[in-house]
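Understanding the architecture of this molecule
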Amino acid sequence: MVQLLTPEGERVPHPEYDEIVDRLSHDELRELYRDLVLIRRVDQEATALQRQGELGLWASLLGQEAAQIGAGRAMRRQDHAFPGYREHGIAWTRGLDPMRLIAMYRGVDRGAWDPAEFGFHPYTIVIGNQALLGTGYAMGIQRDGAVGTGDESRDAAVIACMGDGATAQGDNNEAFVFAGVYNSPIVFFCQNNQWAISEPNERQTRAPIYKRADGFGFPGIRVDGNDVLGVYAVVSSMLDRARSGEGPSLIEAYTYRMAAHTTSDDPTKYRISAEVEVWKLRDPIARYQRWLMSEGIADAEFFEAVDREADELGEKVRRETVGMTDPPTSDMFDHVYDGPHRQVEDDAAAFAAYQASFEDAAEPATTTKGA
């Protein structure tokens, strides 16, 4: 397993990946820490808001921040990410306002952001389906001639995110087949948090997930998913490989889901608390903070400033979530097709008439004087 930072925050040299990390400036290294702290705060606030009845559901990323921030920051502007439903950290790195994600879980936004603007596609609830979508998009990039040109501003790649549970789905394996056969520019990024809802790894696979790539004809690699530098380096390398035309790869980021699968789940029913306590000692933010301090890259003043920013962000999340209003139901017809469509227009008109019928029925009846 590739690891550049130990849980104690000590740097581990690696002949293949040191150069990638060494290219990062101190400002960029500090920005990674800021990303980790702020997206964790968004996640904590969203979880609390759901418990207070303000959100219908929330899928927490607690414990997986380094995997997502490392992967997201490794992407270039022209790359595209196909997420599952908890990739809030990658969304953050792509410039998508986290309130758009929270609004979706509140039921007042249908995930209607523009994927072309952010390089981040809508959340996929169907387990493993995003791997197929990402593979198809990657095949399109090939046909657009945006792979292997040597132009860093043009060559693009796709990263398709999934959990360990998704690797047992047919969609996921079909995506591996197509990507391998067509040599598609895609990185399959599996965050192995060791639990597919209530099913542990040993109930899903007999072999390490990254080794599955061998059967499909492309490389697989395992990285410590709680090591933001390790994830950044490995994903950067595999994305470069994809952009240059060398084809797909599978990255298994070995991490742990510290919270419940979603807020509708109770993990105490299927895993012991001692396991969670062990993984708390491998916290991705704590280890990175220790390394930044030991190297003199960041000081107490910096960390305090980030904490203040996190407090401000938390207040913003709470305030704006409670202030969200329901959208007009008619807007469900606005983004079905790219342009006008007769059937959709007819459906919208019929729905408007249906709603109006309730308003007419609510009006008090008038009577004729003397009747």
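Residues numbered from 1 in each chain as written. Predicted model: local features only at pLDDT ≥ 70, side-chain atom pairs only at ≥ 80, totals over all residues. Heavy atoms only, no water.

So, on to the sheet that holds strand S3 (residues 186-192). Strand order in the open sheet formed by five strands is S1-S2-S3-S7-S6, and the pairing between neighbours is parallel. The strands lining the two open edges of the sheet, one partner per strand, are strand S1 (80-82) and strand S6 (220-224). Here the average twist between neighbouring strands, direction ignored, is 20 degrees. Looking at chain direction, S6 and strand S7 (residues 249-254) are connected through five bridges and run parallel. Across the sheet, Asp224 pairs through a bridge with Tyr254, a residue of S7. Contacting strand S2 (158-163), S3 and S7, helix H8 (residues 170-182) runs over the sheet at an angle of about 150 degrees to S3. (Pairing = 2+ DSSP bridges. Helix = DSSP H or I, 4+ residues; strand = E, 2+ residues; numbered from the N terminus. Axes fitted to C-alpha atoms, helices over the stretch in contact; angles between N-to-C directions. Contact = heavy atoms within 4.5 Å.)

This part takes up the pairing of S7. Counting buried positions along S7 gives five out of six residues, so the element sits mostly inside the fold. Pairing of S3 with S7 involves six bridges; the strand directions are parallel. Each bridged residue has a counterpart across the sheet, and for Gln191 the counterpart in S7 is Ala253. Running through helix H9 (residues 228-243), the crossover from S6 to the neighbouring parallel element S7 is right-handed. (Buried < 20%, exposed > 50% of the residue type's maximum accessible area, 1.4 Å probe, protein only. Right-handed = clockwise from strand over helix to strand, strands pointing away.)

On the surface, Asp299, Glu301, Glu304 and Asp307 cluster together into a negatively charged patch. Positionally, Asp307 belongs in helix H12 (residues 300-322). Judged by relative accessible area, Asp307 falls into the partly exposed class, the value being 40%. (Patch = residues over 30% accessible without salt bridge, like charges linked within 9 Å, V, L, I, M, F, W, Y side chains within 5 Å. Areas by Shrake-Rupley, 256 points an atom, 1.4 Å probe, with all protein chains shown as cover. Salt bridge = Lys/Arg side-chain N within 4 Å of Asp/Glu carboxyl O. Lys, Arg positive; Asp, Glu negative; His and termini not counted. Charge placed at Lys NZ, Arg CZ, Asp CG, Glu CD.)

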